[in-house]
Amino acid sequence: MLDDKKSALDDVEEAAEDFRESQAATARARERFVDRIQDARSARATQQEIADRCVIDPDDPNGEHLSRQRVAQFIDERRKKPK
């Protein structure tokens, strides 16, 4: 029984490490995404033009996109973030 417990705990530790790595990668991707939104705005792209490029379902490129309001939220979030 002790071996089962150790094995289960080792599995939890491994899964936790995978989760931490995934979360860190997600945070980096999100920052890059917001940076690119800022770059597009600096290049005078409208919020609607940016939103139209953000396909929600990559298997359906003609489907749903981010809303202009969601793009605005990303922009506002960055404005409020201390550097």
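All values reported here derive from a predicted model rather than from experimental measurement.

The full count for this structure, using the stated rule, is one aromatic pair. Note on Phe33 and Phe74: the rings are 5.2 Å apart at their centroids and 85 degrees apart in plane angle, and the pair reads as edge-to-face. Of this pair, Phe33 sits in helix H1 (residues 2-42) while Phe74 sits in helix H3 (residues 68-80), and the two are 41 residues apart along the sequence. Residue Phe74 is classed as buried on the basis of its relative accessible area, which comes to 7%. Between Arg70 and the ring centre of Phe74, over which it is positioned, the NZ or CZ distance is 4.0 Å.

A word on the side chain of Arg78. In this structure, Arg78 sits in helix H3. Its relative accessible area of 13% is what places Arg78 among the buried residues. There is a polar contact of 2.4 Å between the side chain of Arg78 and the side chain of Asp35. With residues up to four places along the chain from it excluded, the contact list for Arg78 reads Glu31, Val34, Asp35 and Gln38.

So, about the confidence of the model for the protein. Considering every residue of the protein, the mean pLDDT works out to 90; 94% of them sit at 70 or more. Ranking the helices and strands of the protein by mean pLDDT puts H1 first, with 96, and H3 last, with 88.

Below, the discussion takes up the packing of H1 against H3. Between H1 and H3, whose axes approach to 10 Å, the crossing angle comes to 100 degrees. Taken together, the axis directions place H1 and H3 in an arrangement best described as roughly perpendicular. Across the interface between the two elements, Arg30, Glu31, Phe33, Val34, Asp35, Ile37, Gln38 and Arg41 of H1 pack against Arg70, Val71, Phe74, Ile75, Glu77 and Arg78 of H3. Each residue belonging to the contact of H1 with H3 can be placed in one class, and the counts come to six nonpolar, one polar and seven charged.

Here we take up the side chain of Gln47. In this structure, Gln47 sits in helix H2 (residues 47-53). In this structure Gln47 comes out as buried when scored by relative accessible area, which is 16%. Looking at Gln47, its side chain comes within polar contact range of the side chain of Arg68, at 2.7 Å. Other than its neighbours up to four places away in sequence, Gln47 contacts Arg41, Arg68, Val71, Ala72 and Ile75.

With that settled, the discussion passes to unusual backbone geometry. Here Arg44, not a glycine, exhibits a phi torsion of approximately 75 degrees, which is positive. Along the chain, Arg44 falls in the loop between H1 and H2.

Criteria and cut-off values
Residues numbered from 1 in each chain as written. Predicted model: local features only at pLDDT ≥ 70, side-chain atom pairs only at ≥ 80, totals over all residues. Heavy atoms only, no water. Phe/Tyr/Trp six-rings, centres within 6.5 Å; stacked < 30°, edge-to-face > 60°. Helix = DSSP H or I, 4+ residues; strand = E, 2+ residues; numbered from the N terminus. Buried < 20%, exposed > 50% of the residue type's maximum accessible area, 1.4 Å probe, protein only. Lys NZ or Arg CZ within 6 Å of the ring centre and 35° of its normal. Polar contact = N/O pair within 3.5 Å; in protein donor to acceptor, adjacent residues only side chain to side chain. Contact = heavy atoms within 4.5 Å. pLDDT = per-residue confidence, 0-100. Axes fitted to C-alpha atoms, helices over the stretch in contact; angles between N-to-C directions. Parallel < 35°, antiparallel > 145°, perpendicular 65-115°, else oblique. Nonpolar A, V, L, I, M, F, W, Y, C, P; charged D, E, K, R; others polar.

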